[in-house]
Every structure is written in C-alpha cells, then in structure tokens.
Amino acid sequence: MSFLPTQRTMVALDNMDQAAVHAFLKTLPQDIPLVKIGLEQYLAGGRALVQEIHELYGKEIFLDLKLHDIPNTVAKAMTSLIGLPIKFLTVHLSGGKAMLEAAQEVREKHFKDLNILGVSYLTSLDQGDLKDLFNYEEDQVAEAFSRFFDLAQNTGTQGIVCSAFEAKHVAPRPLIKVCPGIRFQDEIGTANMGDQKRVMDPASAFKAGADYLVMGRSLTQAQNLEERIKELNGLNIA
Ligand code: C5P
C-alpha cells in the first residue's frame, strides 16, 4: 500500500456545536484532508457550514446524510447539494435499485469527484432487531450483507460503509470500503471505546482491507492530537 494513513482517515465531527467544530479544525493538522459531517451538523449548519469548512480549512467533505427515500426525492435532495465540495455522500442501500441508480444519474450529471457510499444495516440493529424486522436467523445475516454488497456493485455505487471486520466479505467487489469503529491500539478495552462494541486499530483495519477509516472521538477528544496524527503516519500498513 502506498499511501499515508492520514490521507485515508476521515475525522467525524460529531457532538460538537459550530464553535467547537471551528476550534477543533483550527488544531487539526493539514495531514488530514477529509472530515465527516453528519446529519446533525448538516441540519444545523446547512450548505454554509460545508462551504466554510472547505474554504477556511481546505478540507474535503464526507457528507453522511444516509439518504433514503423514493428515487425522485433522493435525486432532488442530491441536486440541492450541487456545488458543494463533497467527496463522499451516503445513501441507504435498502432504498433499492431504482433509488441507487437515480443517485448515480445525478452524480454523473452534476458531481465530478463524488463517491456515493452505500450503508447496509445500521450497526445499532442487533440480531434481535434483524429477526423482528426481516425474520433473519443468525446464520442468514452474512448472506443478507452479501446481497447488499452485490446491489451496491450492480447499481454502480462507488463504495460501502462497513466495519473493518466485514471488509474481507466485500472483496472482491470493486467497492471503496470506508470503515468506522476504529480505536488506537492503546484505547482498545478502555473507556475510550465509548459505545463502540467491536473495534479495530488503524493498522489492522487497513490490513483487513479498509480503504478509508472514519475516526471520531479518538481524534476529536485526543489528549495530544499531533502525537496521534504522527502515530497514524508512522503505522506499518504494508
Ligand atoms: O467516535 P467514533 O470513532 O466512534 O465515531 C465513529 C463515527 O462513525 C460516528 O460518526 C458514527 O456515527 C459513524 N458510524 C459508526 N458505525 C457505523 C456507521 C457509522 O460508528 N456502522
């Protein structure tokens, strides 16, 4: 692998008001070119926030809106994003083939550098929910994921958000794998796991096939952000 880990790490700007976002971005080294803005931030700050982050700090944006609606509505929602410096945008794969194709059509017409990422099942759903909602037994879940990955590939979706533990099941499909649920090695098993249950450290995640990592609290709440950035760049990911 011939990239610097920080070039493939996106910082999730969660649980911050706009003042906190600016305070954090002022301290975030240029090594990290990508930040993730979620629904909460976008609803509060809108297009202006996205533009501002791009213009003031030179960051490219992963807009994690997880769009999910009928094809026409998703297409129209995407047209309201035209002109924004977004490099990644999420949609729910469960919106189905026509919705995913409608999203691709808008992408091709209006966005030159955008990668649409599909979200499969939310990690907040446990086996009990999957049974209640879809009548899946535990041994049917892997196959259900695999159907989602096929759908992503067959609709020309550029990538997928998945746990690094799932990355090997996505291959050999040519999908970009963006993986959250990452903690530094020394945080694993400590209170810094927060609400994440299964996490992987950055080097292992890249080795497991992640193309990009999403890291939130490990960076936004780091005691020493610069040291963590150095740590990321010093990783052996070959
Ligand atoms: O702080 P932390 O690194 O746990 O944040 C992870 C980010 O990735 C959050 O923005 C979270 O919403 C997102 N995410 C996740 N698991 C998923 C999908 C997204 O943790 N399956």
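Because the structure is predicted, anything quoted here is derived from the model rather than measured.

Calculation criteria
Residues numbered from 1 in each chain as written. Predicted model: local features only at pLDDT ≥ 70, side-chain atom pairs only at ≥ 80, totals over all residues. Heavy atoms only, no water. Near = heavy atom within 4 Å. Polar contact = N/O pair within 3.5 Å; in protein donor to acceptor, adjacent residues only side chain to side chain. Areas by Shrake-Rupley, 256 points an atom, 1.4 Å probe, with all protein chains shown as cover. Nonpolar A, V, L, I, M, F, W, Y, C, P; charged D, E, K, R; others polar. Buried < 20%, exposed > 50% of the residue type's maximum accessible area, 1.4 Å probe, protein only. Helix = DSSP H or I, 4+ residues; strand = E, 2+ residues; numbered from the N terminus. Arc of directions from axis to C-beta. Contact = heavy atoms within 4.5 Å. Phe/Tyr/Trp six-rings, centres within 6.5 Å; stacked < 30°, edge-to-face > 60°. Lys NZ or Arg CZ within 6 Å of the ring centre and 35° of its normal. Pairing = 2+ DSSP bridges. Axes fitted to C-alpha atoms, helices over the stretch in contact; angles between N-to-C directions.

All right, on to the site of the ligand then. Near the ligand you find Ala12, Asp14, Lys36, Thr123, Pro180, Arg183, Gln196, Val214, Met215, Gly216 and Arg217, and these make up its full shell. Within the contact set of the ligand, an oxygen atom lies 2.8 Å away from a side-chain nitrogen or oxygen of Gln196. Relative to its unbound accessible area of 460 Å², the ligand is 79% covered by the protein chains. Of the residues that constitute the shell around the ligand, the class distribution is four nonpolar, three polar and four charged.

Turning our attention to helix H1 (residues 18-27). Three or more residues of H1 are buried, namely Val21, His22, Phe24 and Leu25. Buried positions in H1, seen along its axis, are confined to an arc of 165 degrees and lie on one side of it. When the buried face of H1 is taken as reference, the exposed residues oriented beyond 90 degrees from it are Ala19 and Lys26. Looking at the packing, one finds that the buried side of H1 touches strand S1 (9-12), strand S2 (34-38), helix H2 (39-57), helix H9 (217-220) and helix H10 (225-233).

Right, let's talk about the packing of aromatic side chains for a bit. Centre distance and the angle of the planes are the two values used to describe a pair of aromatic rings. Under the counting rule described, the total for this entry stands at nine aromatic pairs. Grouped by ring-pair contacts, the aromatic residues Tyr121, Phe134, Tyr136, Phe145, Phe148 and Phe149 constitute a single cluster. Its end group placed over the ring of Tyr212, Arg8 keeps NZ or CZ at 5.2 Å from the ring centre. Against the face of Phe62 rests Lys36, its NZ or CZ located 5.9 Å from the ring centre.

Right, let's get into the sheet that holds strand S8 (residues 212-215). The strand order around the closed barrel formed by eight strands is S1-S2-S3-S4-S5-S6-S7-S8, and the pairing between neighbours is parallel. Neighbour to neighbour, the strand axes of the sheet diverge by 25 degrees on average, direction disregarded. Relative to strand S4 (residues 86-92), strand S3 (residues 60-67) is paired through four bridges, and the arrangement is parallel. Bridge pairing in S4 places Leu63 opposite Leu89. Relative to S4, helix H4 (residues 97-110) is tilted by about 165 degrees, and along the sheet it contacts S3, S4 and strand S5 (115-119).

Further remarks concern the environment of Arg217. Residue position: Arg217 is located in helix H9. As for Arg217 and Thr123, which are separated by 94 residues in sequence, their C-alpha atoms are 17 Å apart. Among all residues touching Arg217, those that are not within four sequence positions of it are Arg183, Gly194, Asp195, Gln196 and Ala222.

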